[in-house]
Amino acid sequence: MEDMKDIQWFPGHMAKTRRMIQKSLPLVDAVAELLDARLPLSSRNPEFDRLTRKKPRLVILNKADMADPALTQKWIAYYQKRGAAVITADSKSGKGVKNFSSALRTLLAPQLAQFAAKGMKGRPIRVMILGIPNVGKSSLINRLAGGKRAKAEDRAGVTRIQQWIKVDGGVELLDTPGVLWPKLDDQEVACRLAFTGAIRDDILDKEALAARLLTILHKQYPDALLERYKIPKDAELQGFELLEMLAKNRGMLLSGGVPNTERAAIALIDEFRAVKLGRITLEEPPCEQPQQTAPATEA
């Protein structure tokens, strides 16, 4: 099976964004990290832990309505054990977004008690929002802001292109501009991001990508392939062979009965993203020893 084409990233832009995050951390009480619930490990930048140091963290498993519910519960437990509070949401429909402020208040209860003791009971909670491209960060912020256009405020220590956004529940969000990608020397991580559309389709080999996705689905969700594409669960095929079978079963043929694998690849990727194969999560959490628990609120 072919490898994906090399993908070029922007280390200079990433370095600028990292510096911006580090400079702004002292201004916030917590960090809210937005992840794709279908790939909650691959959709996070591995540098976030180092960058955000010991700031309290709220993990938002976005697009949860597209993910496997059983695996979402496992991911909730995984991030709780790493000391984060967790909520699930769908920023596009707004489901679960209402839990954002209350989850923050539970997470920051000790700090809020200290503020109250110092006569700062009405002090807003300030939160930095982090997330890689296409994970739904803009949609979440717009939902939290009630669709109102956010206005930038001049505040000491904040660059002009950063934005403080007031939302319900006495919360102020600090949106982080720019692109902050994960390190993509792991091709499996790059592929998972590409499956969900986090990487532009026009720089990818769609047939190679679809062949990889079919191999994963045939192993993890064989019933979905059987129901939608009539691919037998016991078929001893993988990769491009599965793509050819999909094309044949769907009647996607070129002259002479040759499978139109390009058309089949486009159909598979589009239908996967449209949840026509069902709710699918592409990775399971690694096993870890518990560290610290925090409350979770589901969408």
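Residues numbered from 1 in each chain as written. Predicted model: local features only at pLDDT ≥ 70, side-chain atom pairs only at ≥ 80, totals over all residues. Heavy atoms only, no water.

A.B. asks: Tell me about the overall build of the protein chain, and please be specific about residues and values.
C.D. replies: Each helix and strand in the protein chain was counted, giving eleven helices and seven strands. Put simply, of all contacts in the protein chain between residues at least 6 apart along the chain, 72% involve residues at least 24 apart. Surface exposure of the protein chain reaches about 15,000 Å², of which carbon and sulfur atoms provide 49%. (Helix = DSSP H or I, 4+ residues; strand = E, 2+ residues; numbered from the N terminus. Contact = heavy atoms within 4.5 Å. Areas by Shrake-Rupley, 256 points an atom, 1.4 Å probe, with all protein chains shown as cover.)

A.B. asks: Break down the environment of glutamate 284 for me, citing the residues and quoting the values.
C.D. replies: Mapped onto the elements of the fold, glutamate 284 is located in the loop between α11 (261-273) and β7 (296-297). Separated by 246 residues in sequence, glutamate 284 and arginine 38 place their C-alpha atoms 9.5 Å apart. For glutamate 284, the residues in contact, after removing those within four places along its chain, are Leu71, Lys74 and Trp75.

A.B. asks: Lay out the pairing of strand β6 (residues 171-175) with the relevant residues and their values.
C.D. replies: By the criterion of burial, β6 is predominantly enclosed, with five of the five residues buried. Of the two faces of β6, the one holding Val171, Leu173 and Asp175 and the one holding Glu172 and Leu174 are both buried throughout. Hairpin geometry of strand β5 (residues 163-167) and β6 is characterised by an intervening segment of three residues between the two adjacent antiparallel strands and by a positive phi of about 85° at glycine 169. (Buried < 20%, exposed > 50% of the residue type's maximum accessible area, 1.4 Å probe, protein only. Pairing = 2+ DSSP bridges.)

A.B. asks: Would you mind going over the packing of helix α7 (residues 187-195) against helix α8 (residues 206-220) in detail, with residue names and values included?
C.D. replies: Here α7 crosses α8 at 95°, and the two axes come no closer than 10 Å. Here α8 runs roughly perpendicular to α7, going by the angle between their axes. Mapping the contact onto sequence places Gln187, Glu188, Cys191, Ala194 and Phe195 in α7 and Leu209, Arg212, Leu213 and Ile216 in α8. For the contact of α7 with α8, a count of residues per class yields six nonpolar, one polar and two charged. (Axes fitted to C-alpha atoms, helices over the stretch in contact; angles between N-to-C directions. Parallel < 35°, antiparallel > 145°, perpendicular 65-115°, else oblique. Nonpolar A, V, L, I, M, F, W, Y, C, P; charged D, E, K, R; others polar.)

A.B. asks: How would you explain the nonpolar core if you had to name every residue and give the values?
C.D. replies: Core analysis: the largest hydrophobic core is formed by 64 residues, its most contacted members being Leu58, Ile60, Phe100, Leu173 and Leu268. Residues in contact with leucine 58, not counting those within four places in the same chain, are Val31, Ala32, Glu33, Ala85, Val86, Ile87, Phe100, Ala103, Leu104 and Leu107. (Core = buried A, V, L, I, M, F, W, Y, C linked by side-chain atoms within 4.5 Å.)

A.B. asks: Quick rundown of the pattern of salt bridges? Include the residues and the values.
C.D. replies: Going through the model one piece at a time under the given rule, you end up with 16 salt bridges. Among the ionic pairs, glutamate 47 bridges to arginine 50, the shortest N-O distance being 3.0 Å. With a relative accessible area of 24%, glutamate 47 lands in the partly exposed category. Aspartate 65 serves as the salt-bridge partner of lysine 95, at 3.9 Å between the closest nitrogen and oxygen. Here aspartate 65 lies in the loop between β2 (57-62) and α3 (69-81) and lysine 95 lies in the loop between β3 (85-88) and α4 (99-107), a separation of 30 residues in the sequence. (Salt bridge = Lys/Arg side-chain N within 4 Å of Asp/Glu carboxyl O.)

A.B. asks: Describe the packing of aromatic side chains, listing the residues and the values that go with them.
C.D. replies: In this structure the tally under the stated criterion is three aromatic pairs. Ring centres of tryptophan 75 and tyrosine 78 lie 5.2 Å apart, and the angle between their planes is 85°; on these two criteria the pair is classed as edge-to-face. In this pair, tryptophan 75 and tyrosine 78 both sit in helix α3, three residues apart, roughly one turn of the helix. Each member of the pair, tryptophan 75 as well as tyrosine 78, carries the same accessibility label: buried. Relative to tyrosine 79, the ring of tyrosine 78 has its centre 4.9 Å away and its plane inclined at 80°; by these criteria the two rings are edge-to-face. Taken as a pair, tyrosine 78 and tyrosine 79 share a single burial class, namely buried. In textbook terms, an aromatic cluster arises when at least three aromatic residues are bridged by ring pairs, as seen for Trp75, Tyr78 and Tyr79. (Phe/Tyr/Trp six-rings, centres within 6.5 Å; stacked < 30°, edge-to-face > 60°.)

A.B. asks: Run through the side chain of serine 91, naming residues and quoting values.
C.D. replies: Relative to the helices and strands, serine 91 is located in the loop between β3 and α4. On the basis of relative accessibility, which here comes to 4%, the residue serine 91 falls in the buried class. Contact partners of serine 91, with chain neighbours within four places excluded, come to Asn62, Val97, Gly136, Ser139, Leu140 and Arg143.

A.B. asks: Give me helix α10 (residues 240-249): which residues, what numbers.
C.D. replies: Residue pairs spaced three or four apart in an α-helix point in one direction, given the helix's 3.6 residues per turn. Residues of α10 that are buried include every one of Leu242, Leu243, Leu246 and Ala247, and no others. Down the axis of α10, the buried side of the element spans an arc of 140°, and every buried residue falls inside it. Buried residues along α10 sit in contact with α8, α9 (222-229) and α11. Glycine 251 sits one or two positions beyond α10 and adopts a positive phi of about 70°. (Arc of directions from axis to C-beta.)

A.B. asks: Can you lay out the environment of isoleucine 216 for me, pointing to particular residues and giving the numbers?
C.D. replies: Mapped onto the elements, isoleucine 216 comes out in helix α8. The buried category is assigned to isoleucine 216, whose relative accessible area is 18%. Taking the C-alpha atoms as reference, isoleucine 216 lies 8.9 Å from glycine 239; in sequence the two are 23 residues apart. Not counting the four nearest positions on each side in its chain, isoleucine 216 is found in contact with Phe195, Tyr221 and Leu282.

A.B. asks: Account for unusual backbone geometry, with residues named and values stated.
C.D. replies: A positive phi angle is found at lysine 63, which is not glycine, with a value near 60°. Topologically, lysine 63 is positioned in the loop between β2 and α3. Of note in the backbone geometry, asparagine 134 takes a positive phi value of approximately 70° without being a glycine. Relative to the helices and strands, asparagine 134 is located in the loop between β4 (125-130) and α6 (137-144). Here asparagine 134 falls in the partly exposed class, since its relative accessible area comes to 43%.

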